[in-house]
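# Report on the structure
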Amino acid sequence: RLVIPMALLGLVAAVGFWSRSRGDDSVAILAVGDKAPLFQAPLGDGGIFDMAEHLGQKAIVIFFYPKDDTPLCTQEACGFRDAYEQFVAAGAEVVGVSADTPASHAAFARKHKLPFPIVSDRDGQLRTLFGVPKLLGFLPGRVTYVIDRAGIVRLVFNSSFTAAGHVQQALDLVRRDAAAATP
């Protein structure tokens with residue numbers, strides 16, 4: 001009789017959810033070179049974030065995270081806060097996304113002095129639109145996308161257990177692109 005440890009089964013299941021094409025009943029994960037989807041979504045300050053208004057003006061760094069005020073999510077958001085001026089100097093806007101309410105986002109931003117907009121994705125449509133995979137099939141994933149001025153995905157960084165890597169990978173790419181665009 002074959003006995004397979006539960007951790008191995010979980011890993012196998014997770015790998016299945018991370019594949020680019022996940023079958024007929026799901027959305028493909030956005031990949032580098034894909035056109036980023038346009039969307040409008042509510043913000044913590046009561047406004048609406050409209051992706052179309054930002055394209056052509058600056059690069060957009062969109063980071064999906066599981067939940068406001070949890071330890072790793074707070075570390076990630078504060079990492080983007082601490083590097084925010086560097087992103088802006090390189091010609092990029094940072095946008096956070098989670099399923100929390102706009103009121104939760106407003107409190108989270110106020111508490112941690114977050115200078116960037118945070119989008120509320122209550123129904124999970126943005127996660128589906130971007131193809132953000134779930135960890136082990138049920139936990140919201142942590143994925144960062146860098147989208148250039150033309151609306152093309154330039155980076156997809158998927159790591160549920162590291163916060164700093166999201167900030168550093170995105171900042172490195174935005175800086176490289178800014179340097180390459182400078183005559």
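Residues numbered from 1 in each chain as written. Predicted model: local features only at pLDDT ≥ 70, side-chain atom pairs only at ≥ 80, totals over all residues. Heavy atoms only, no water.

### Some remarks on the confidence of the model for the protein chain
Should pLDDT be low for a region, the predicted coordinates there are not to be read in detail. For the record, the criterion: A residue's pLDDT is the confidence the predictor assigns to it, expressed on a 0 to 100 scale. In this description, contact between two residues means that some pair of their heavy atoms is separated by no more than 4.5 Å.
Here the protein chain shows a mean pLDDT of 83. Residues at 70 or above account for 84%. Segment residues 1-26: pLDDT under 50, and 25 contacts once partners within four positions in sequence are set aside and those in other chains are kept.

### Overview of the packing of aromatic side chains
Centre distance and the angle of the planes are the two values used to describe a pair of aromatic rings. To keep things clear, this is the line we draw: Any two of the Phe, Tyr and Trp rings considered here, Trp counted by its six-membered ring, make a pair once their centres fall within 6.5 Å; the pair's planes then place it as stacked at under 30 degrees, edge-to-face at over 60, or tilted in between. Accessible area is worked out with a 1.4 Å probe on protein chains only. A residue is then buried under 20% of its type maximum, exposed over 50%, and partly exposed in between.
All chains considered together, the criterion is met by eleven aromatic pairs. Considering the side-chain rings of F80 and F87, the 5.7 Å spacing of their centres and the 35° angle between planes classify their relative orientation as tilted. Accessibility assignment for this pair places F80 and F87 in one class, buried. What links up through ring pairs into an aromatic cluster is the set F63, Y65, F80, Y84, F87, F108 and F116.

### A look at the sheet that holds strand β4 (residues 92-98)
Put simply, the test is: Pairing between strands is defined by DSSP: at least two bridges between the two strands are required. Runs of H or I in DSSP of at least four residues are treated as helices and runs of E of at least two as strands, each being numbered from the N terminus. In this description, a line fitted to the C-alpha atoms serves as the axis of each element, helices being fitted only across the stretch in contact, and the angle between N-to-C directions of two axes falls anywhere from 0 to 180 degrees.
Pairing within the open sheet is mixed, and its five strands lie in the order β5-β4-β3-β6-β7. Bordering the open sheet on either side are β5 (118-120) and β7 (153-158), each of which pairs with just one other strand. Taken pair by pair, the neighbouring strands of this sheet meet at an average axis angle of 20°, ignoring direction. Here strand β3 (residues 59-64) runs beside strand β6 (residues 143-147); their pairing, made up of five bridges, is antiparallel. Across the sheet, residue F63 finds its bridge partner in β6, namely T144. Against the sheet, helix α5 (residues 102-112) makes contact with β4 and β5, and its axis sits at roughly 160° relative to β5, the strand it touches most. Strands β3, β4, β6 and β7 of the sheet are contacted by helix α7 (residues 164-181), whose axis makes an angle of about 165° with β7.

### Some points on the pairing of β6
The side chains of a regular strand alternate, first on one face of the sheet and then on the other. For β6, the buried fraction is high: five of the five residues fall into the buried class. Pairing of β6 with β7 involves five bridges; the strand directions are antiparallel. Bridged to V146 within β7 is L155. Linkage of β6 to β7, two consecutive antiparallel strands, is achieved through a turn of five residues, within which G151 is found at a positive phi near 90°.

### Thoughts on a nonpolar patch on the surface
Under the convention used in this document: Patch membership is restricted to residues that have no salt bridge and whose relative accessible area is over 30%. Joining uses 9 Å for like charges and 5 Å for the nonpolar side chains Val, Leu, Ile, Met, Phe, Trp and Tyr. Each accessible area is a Shrake-Rupley estimate made with a 1.4 Å probe; only the visible protein chains count as cover when residues are assessed. Each reported salt bridge corresponds to a side-chain nitrogen of Lys or Arg within 4 Å of a carboxyl oxygen of Asp or Glu.
Taken together, the side chains of L136, F138 and L139 define a hydrophobic patch exposed on the protein surface, amounting to about 290 Å² of accessible area. Along the chain, the position of L136 falls in the loop between α6 (125-130) and β6. Judged by relative accessible area, L136 falls into the partly exposed class, the value being 39%.

### Focus: the side chain of D121
Quick note on the threshold: Two residue types count as positive, namely Lys and Arg, and two as negative, namely Asp and Glu; His and chain ends fall outside the count. What qualifies as a polar contact is a pair of N or O atoms within 3.5 Å, subject to a donor-acceptor requirement within protein and to the restriction that residues adjacent in sequence count only when both atoms come from side chains.
Mapping D121 onto the fold places it in the loop between β5 and α6. Despite being buried, D121 has no salt bridge partner; R127 is the closest side chain of opposite charge, sitting 4.6 Å away. A polar contact of 3.1 Å, which involves the side chain of D121, links it to the backbone nitrogen of R127. Excluding residues that lie within four positions of it along the chain, D121 makes contacts with V97, S98, A99, D100, L126 and R127.

### Things to note about helix α3 (residues 71-82)
Threshold: Expected helix span is taken as 1.5 Å per residue step, with the number of steps being one fewer than the number of residues.
Taking 1.5 Å of rise per residue, twelve residues should cover 16 Å, and α3 covers 16 Å from first to last C-alpha, within 8% of that figure. All of the buried residues in α3 are C73, T74, E76, A77, C78 and F80. Contacts from the buried residues of α3 go to β3, α4 (84-89), β4, α5, β6 and α7.

### Focus on the side chain of E93
Its place among the elements puts E93 in strand β4. Looking at E93, its side chain comes within polar contact range of the side chain of Y84, at 3.1 Å.

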